[in-house]
Amino acid sequence: MTTATATATATLAPAASVAVIGLGAMGLPMATRLAGAMTAHGFDIAADRVALAAESGVVGFASAREAAAGVDAVLLAVRNGAQLHEALFGENGIAAVLAPGAVVIMTSTVGVDDVVAVAERLQQHGIALVDAPLSGGPVRAGEGDLLIVVGASPEARLVAAPVLERLASTLSVIGDRPGDGQAFKTVNQLLCGVHIAAAAEALALADALGLDRAATLETLAAGAAGSFMLGNRGPRMLEAYDEDGAEVLSRLDIFVKDMGIVTAAARANALSTPVAAAAEQLYLLGQSHGLAAADDSAVIRVVAPQRAG
């Protein structure tokens, strides 16, 4: 039996164990959710996050390599392409300890190019990449209520299925190639980023016109102008001017990254996206004004630095 055939045969068993590398805002609830259904390992550079995961049955480890050794699947919840490459192929990269037939499930939005490059390198080790960017936020992650779109071979999807099905209420196979998931998520983030920016402008205008903020938001959300982002971010925009601001559920600088991916993809394909470009500038201004770590609803403070009344 050739190595390629042996690897293909090995991928036909659904995962019974998973390692979650990165126990941040999304990684921690995903790890705890998975621990209720299978053996779940966890690692984060912050020891307190590992301790929190352990309270919910996640087996904590002192390094990513130790966490990944011997598991069927590794779920990566990293911030960007650089962290993806480092986690897999850096000095302490986990690719070196993964067995042929294992899968790496990439859940972050990092862009098509990085995912395709990583998938090609992993393939040389007999490891498949499951491109599975997700949407939904930390609360929905802990409840298994995420939207996950998948680009991966049928064999890799079979291995990853127990992990993905545990986390998702909506699981959509968008293509058979790593990179297809990122391509879809790029389109998704264009709309999300624009919708948040538009909601900020609308609520700032309502404020400037002297309308009741809460009543305006409720009425808008009930009509044709309503959207998920208006309904979700709108209440937090009403808190954006409070002393502590809104609770941080999605950092503003995530949309700096994501809208950068959107506009870069558009340029690479000679496509004009003027609305997305304008929204990107709002997030960049927010970052330059010290709002990078604030909730992305704080973009309203870029549109209107001071509340009208």
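None of these values were measured; they are calculated from a predicted model. (Residues numbered from 1 in each chain as written. Predicted model: local features only at pLDDT ≥ 70, side-chain atom pairs only at ≥ 80, totals over all residues. Heavy atoms only, no water.)

## Some thoughts on unusual backbone geometry
Thought 1: Phi is positive for Ala 270, close to 55°, though the residue is something other than glycine.
Thought 2: Checked against the element boundaries, Ala 270 lands in the loop between helix H12 (252-268) and helix H13 (274-291).
Thought 3: Since its relative accessible area comes to 74%, Ala 270 is described here as exposed. (Helix = DSSP H or I, 4+ residues; strand = E, 2+ residues; numbered from the N terminus. Buried < 20%, exposed > 50% of the residue type's maximum accessible area, 1.4 Å probe, protein only.)

## Brief notes about the environment of Ala 279
Thought 1: Along the chain, the position of Ala 279 falls in helix H13.
Thought 2: Spatially, the C-alpha atom of Ala 279 lies 37 Å from that of Gln 123, the residues being 156 residues apart in sequence.
Thought 3: If near-sequence neighbours (up to four positions away) are discounted, Ala 279 is found in contact with Gly 193, Val 194, Ala 197 and Met 259. (Contact = heavy atoms within 4.5 Å.)

## Section: empty space enclosed by the protein
Thought 1: Summed over all chains, the structure comprises one cavity of 30 Å³ or more.
Thought 2: Empty space within the largest cavity amounts to approximately 30 Å³.
Thought 3: Together, Pro 133, Leu 134, Ser 135, Leu 147, Ile 148, Val 149, Phe 184, Lys 185 and Asn 188 line the largest cavity.
Thought 4: For the lining of the largest cavity, the secondary-structure elements that each account for two or more residues are strand S7 (134-135), strand S8 (146-151) and helix H9 (180-208).
Thought 5: Looking at the lining of the largest cavity residue by residue, the classes come out as six nonpolar, two polar and one charged. (1 Å grid on protein atoms, 1.4 Å probe; cavity = no way out; pocket = protein on both sides within 12 Å on 5 of 7 lines; lining within 4 Å. Points joined across faces, edges and corners; volume = space filled by probe spheres on them. Nonpolar A, V, L, I, M, F, W, Y, C, P; charged D, E, K, R; others polar.)

## Structural notes on the UniProt feature "active site" (unreviewed entry) in the chain
Thought 1: Residues given the UniProt feature "active site" (unreviewed entry) here are Lys 185.
Thought 2: For Lys 185, the location among the structural elements is in helix H9.
Thought 3: The contact partners of Lys 185, leaving out residues within four places of it in the chain, are Thr 109, Pro 133, Leu 134 and Ser 135.
Thought 4: Within the structure, Lys 185 has its side chain in polar contact with the side chain of Thr 109 (distance 2.9 Å). (UniProt positions renumbered as here; feature names shortened; annotations may be inferred. Polar contact = N/O pair within 3.5 Å; in protein donor to acceptor, adjacent residues only side chain to side chain.)

## What about the nonpolar core?
Thought 1: Counting residues in hydrophobic clusters, the biggest one holds 34 residues, and the most contacted among them are Ile 105, Val 130, Ile 148 and Val 163.
Thought 2: Among the elements of the structure, strand S1 (17-21), helix H2 (27-35), helix H3 (47-54), strand S4 (73-76), strand S5 (103-106), S8 and helix H8 (154-167) are those that each provide at least two residues to this core.
Thought 3: Among the elements that line this core, the one with the most residues is H8, at six residues.
Thought 4: Once you skip the residues sitting within four places of it in the chain, Val 130 turns out to touch Val 103, Val 104, Ile 105, Met 106, Val 150, Gly 151, Ala 152, Ala 156, Ala 160 and Leu 164. (Core = buried A, V, L, I, M, F, W, Y, C linked by side-chain atoms within 4.5 Å.)

## Digging into the confidence of the model for the chain
Thought 1: Residues at a pLDDT of 70 or more form 96% of the chain, whose mean pLDDT is 93.
Thought 2: Note on residues 1-11: pLDDT is under 50 here. Beyond four places in sequence and across chains, it has ten contacts. (pLDDT = per-residue confidence, 0-100.)

## Topic: the environment of Ser 250
Thought 1: Examined against the element boundaries, Ser 250 turns out to sit in the loop between helix H11 (228-238) and H12.
Thought 2: Judged by its relative accessible area of 15%, Ser 250 falls in the buried class.
Thought 3: Here the alpha-carbon distance between Ser 250 and Asp 295, two residues 45 residues apart in the chain, equals 5.4 Å.
Thought 4: Residue contacts for Ser 250: discarding those within four places in its chain leaves Arg 233, Arg 236, Ala 294, Asp 295 and Asp 296.

## Considerations on the packing of aromatic side chains
Within a pair of aromatic rings, the relevant descriptors are the distance that separates the centres and the angle that separates the planes.
Thought 1: If you walk through the whole model with that rule in mind, you get one aromatic pair.
Thought 2: Residue placement shows Arg 121 over the ring face of Phe 89; its charged tip is 3.8 Å from the ring centre. (Phe/Tyr/Trp six-rings, centres within 6.5 Å; stacked < 30°, edge-to-face > 60°. Lys NZ or Arg CZ within 6 Å of the ring centre and 35° of its normal.)

## Looking at the UniProt feature "domain: 3-hydroxyisobutyrate dehydrogenase-like NAD-binding" (unreviewed entry) in the chain
Thought 1: Residues given the UniProt feature "domain: 3-hydroxyisobutyrate dehydrogenase-like NAD-binding" (unreviewed entry) here are residues 179-302.
Thought 2: Measuring from the first to the last C-alpha atom of residues 179-302 gives 33 Å, for a span that is 71% helix and 0% strand.

## Let's talk about the pattern of salt bridges
Thought 1: For the coordinates displayed, the defined rule picks out ten salt bridges.
Thought 2: One salt bridge connects Asp 253 with Arg 79, and the closest N-O pair in it is separated by 2.7 Å. Taken together, the residues Asp 253 in helix H12 and Arg 79 in the loop between S4 and helix H5 (81-89) connect sequence positions 174 residues apart.
Thought 3: On the basis of relative accessible area, Asp 253 is assigned to the buried category, the value being 11%.
Thought 4: Beyond isolated ion pairs, a larger network of salt bridges with shared partners links Arg 79, Arg 251 and Asp 253. (Salt bridge = Lys/Arg side-chain N within 4 Å of Asp/Glu carboxyl O.)

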